[in-house]
Number of protein chains: 2
Amino acid sequence: MQQFTITPKTKVKILSKRGSYDKETVYRILDEAKICHVGFIYEGYPVVIPTIFGRKEDVIFLHGAVGSRMLKTLEQGVDVSINVTHLDGLVLARSAFHHSMNYRSVVIFGKAELVTDDEEKLTALKAVSDQVLTGRWEEVRQPSQKELKITKLLKIKLEEVSAKIRTGKPIDEPEDYELDVWAGELPLRVIPQKPISDPEAHKELPVSESVNNLFA
Amino acid sequence: MQQFTITPKTKVKILSKRGSYDKETVYRILDEAKICHVGFIYEGYPVVIPTIFGRKEDVIFLHGAVGSRMLKTLEQGVDVSINVTHLDGLVLARSAFHHSMNYRSVVIFGKAELVTDDEEKLTALKAVSDQVLTGRWEEVRQPSQKELKITKLLKIKLEEVSAKIRTGKPIDEPEDYELDVWAGELPLRVIPQKPISDPEAHKELPVSESVNNLFA
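Quick caveat: nothing in here was measured; it's all calculated off a predicted structure. (Residues numbered from 1 in each chain as written. Chains lettered and ligands numbered in written order. Predicted model: local features only at pLDDT ≥ 70, side-chain atom pairs only at ≥ 80, totals over all residues. Heavy atoms only, no water.)

Caption draft 1: Highlighting the overall build of chain A. Counting its secondary structure elements, chain A contains 5 helices and 11 strands. C-alpha atoms of chain A, sized along the principal axes, occupy 65 × 50 × 35 Å. For chain A, the accessible area works out to roughly 10200 Å², and carbon and sulfur atoms hold 53% of it. Side chains of chain A carry 30 positive and 32 negative charges; the gap between the two charge centres is 3 Å. (Helix = DSSP H or I, 4+ residues; strand = E, 2+ residues; numbered from the N terminus. Areas by Shrake-Rupley, 256 points an atom, 1.4 Å probe, with all protein chains shown as cover. Lys, Arg positive; Asp, Glu negative; His and termini not counted. Charge placed at Lys NZ, Arg CZ, Asp CG, Glu CD.)

Dropping the structure here:
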């Protein structure tokens, strides 16, 4: 079982039994996410931006318009922190104090690097597209030279990484189990709804396979 | 319609027509969220932490254990940035380039202040509890003096705040509408699943009203 090396930045300090440095665990959490939250320092203050991303092996790709403030800042190689969190449920205890959440979360620390090579840019864009919807890349028009030119891509190596996971039932004070209060877990799930065809479509087409696969 | 004042930090620069400073819009986005992402600078590098929060009027409350590194850092009154994002759907265009997401997002910049007064701490804890699940606070055992003592609460005033929202169909290049590619929107929704009663319960109790209300 391959592990990420624990560093002072990634060591899970509070509730450390919830921590994991296992690569497969980290990949699974990352690959299920549609967005991540990117933290960086801009003009001396912290900024947190939600954004699409892609993973390929031990690299995370971020992309956006060439004018993006986030990408312009990150391409300078400054410190960046990325968080991906799935909220899996509410943990409803008998006491207000012991309420919690079930979640799977990954924290990444690193520095970004500009992707300059056109072929690597395409690899990165495919990774981002696969993250949004597996199989979509093969269905749609590929990026033109002009589109590639106005798209900026950054890569961040997965080196300083940890996961933190909570699952299961609430943990109450021993005496509180006698209270007449229902306790348990309320699972939450992100569920795709019925696809809405583009009202501007020039012709009626069946819903794409990449979308149908989500309901299979 | 009350608005937050636009500042250099909160001015939506890219795709500015998606920006909003309307207080009711911001409140609605915040109040629907179960977690937020908090960004701050720790020993010179950026950190992003997902956490529970509460809102009451123009104040955001964060809470945690007194030993929490995040709270210990923030209570010093340093700059903090908070992001709340709902991912509402995948926007599936005919070209890879024009893929997007529908979302509702709020960015907050500010500084935190320690809540020291016991009564205000209870107000803050109720706000956090209401955010997790409306009505739960009234059903459960209230915090003891000991629990209050080991819980740290911070407040951040909503002053520098903006929202950013994307809804609806994909926007493709004019010539791409002729392609034989299905395009549209795939809505995503967070759906509560069947509650799981605590297997450690000493007696069988009906599921709490606060939970049932979510399915009403």
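Caption draft 2: Looking closely at the pattern of salt bridges. Residues and elements named next belong to chain B. On inspection of all chains with the given rule, the structure shows 32 salt bridges over all chains. For Lys155, the salt bridge goes to Glu120, with nearest N and O atoms at 2.8 Å. Linking Lys155 in strand 8 (residues 151-157) with Glu120 in helix 3 (residues 118-132), this pair joins segments that are 35 residues apart in sequence. (Salt bridge = Lys/Arg side-chain N within 4 Å of Asp/Glu carboxyl O.)

Caption draft 3: Focus on the relation of the copies chain B and chain A. Of the two same-sequence chains, chain B is brought onto chain A (RMSD 0.0 Å, axial shift 0.0 Å) by a rotation of 180°. These values place the two chain copies in the arrangement generated by a two-fold rotation axis. Minimal C-alpha separation from the rotation axis in chain B is found for Val190 of chain B, amounting to 2.2 Å. Of the residues that chain B buries at the interface, 100% are likewise interface residues in chain A, meaning the two copies contact each other through the same surface. (Least-squares fit on C-alpha atoms with pLDDT ≥ 70 in both. Contact = heavy atoms within 4.5 Å.)

Caption draft 4: Quick look at helix 3 of chain B. Residue and element names in this part refer to chain B. Compared with the 21 Å implied by 1.5 Å per residue over 15 residues, the 21 Å span of helix 3 between its first and last C-alpha is a close match. Within the span of helix 3, buried status applies to Lys121, Ala124, Leu125, Ala127, Val128, Ser129, Gln131 and Val132. Between the side-chain oxygen at the start of helix 3 and the backbone nitrogen of Glu119 there is a gap of 3.1 Å, and the oxygen is on Asp117. (Expected span 1.5 Å × (residues − 1). Buried < 20%, exposed > 50% of the residue type's maximum accessible area, 1.4 Å probe, protein only. Polar contact = N/O pair within 3.5 Å; in protein donor to acceptor, adjacent residues only side chain to side chain.)

Caption draft 5: The arrangement of the packing of aromatic side chains in detail. Inspection of every chain in the model, using the stated rule, returns 5 aromatic pairs over all chains. Taking the centre distance of 5.5 Å and the plane angle of 90° together, the rings of Tyr45 of chain A and Phe109 of chain B count as edge-to-face. Within this pair, whereas Tyr45 of chain A is found in strand 3 (residues 45-51), its partner Phe109 of chain B is found in strand 7 (residues 100-114), the two belonging to separate chains. Given a relative accessible area of 7%, Tyr45 of chain A falls into the buried group. By relative accessible area, which is 4% here, Phe109 of chain B ends up buried. (Phe/Tyr/Trp six-rings, centres within 6.5 Å; stacked < 30°, edge-to-face > 60°.)

Caption draft 6: Main features of the interface of chain B and chain A. Contacts between chain B and chain A engage 87 residues on the former and 87 residues on the latter. Buried area between chain B and chain A, summed over both chains or domains, comes out near 7500 Å², and the portion from carbon and sulfur atoms is 67%. Ranking the residues of chain B by area buried against chain A places Pro46, Arg141 and Trp182 of chain B at the top, with a combined share of 10%. Across the chain B-chain A interface, the total number found is 8 salt bridges. For Asp176 of chain B, the salt bridge identified is with Arg141 of chain A, shortest N-O distance 2.8 Å. Counting across the interface, chain B meets chain A through 37 residue pairs in polar contact (both at pLDDT 80 or more). Sort the elements by how many residues they give to the side of chain B that touches chain A and strand 10 (residues 184-192) of chain B lands first, with 9 residues. (Buried area = accessible area lost by both parts, 1.4 Å probe.)

Caption draft 7: The arrangement of the environment of Glu160 of chain A in detail. Residues and elements named next belong to chain A. Tracing the chain through its elements places Glu160 in strand 9 (residues 160-166). The exposure class assigned to Glu160 is partly exposed, which follows from its relative accessible area of 23%. The spacing of Glu160 and Val107 is 53 residues in sequence and 8.3 Å in space, taken between C-alpha atoms. Residues contacting Glu160, with those up to four places away along its chain left out, are Thr7, Lys9, Thr10, Val107, Ile108 and Phe109.

From the geometry alone we can't say anything about function, so treat these as descriptive.
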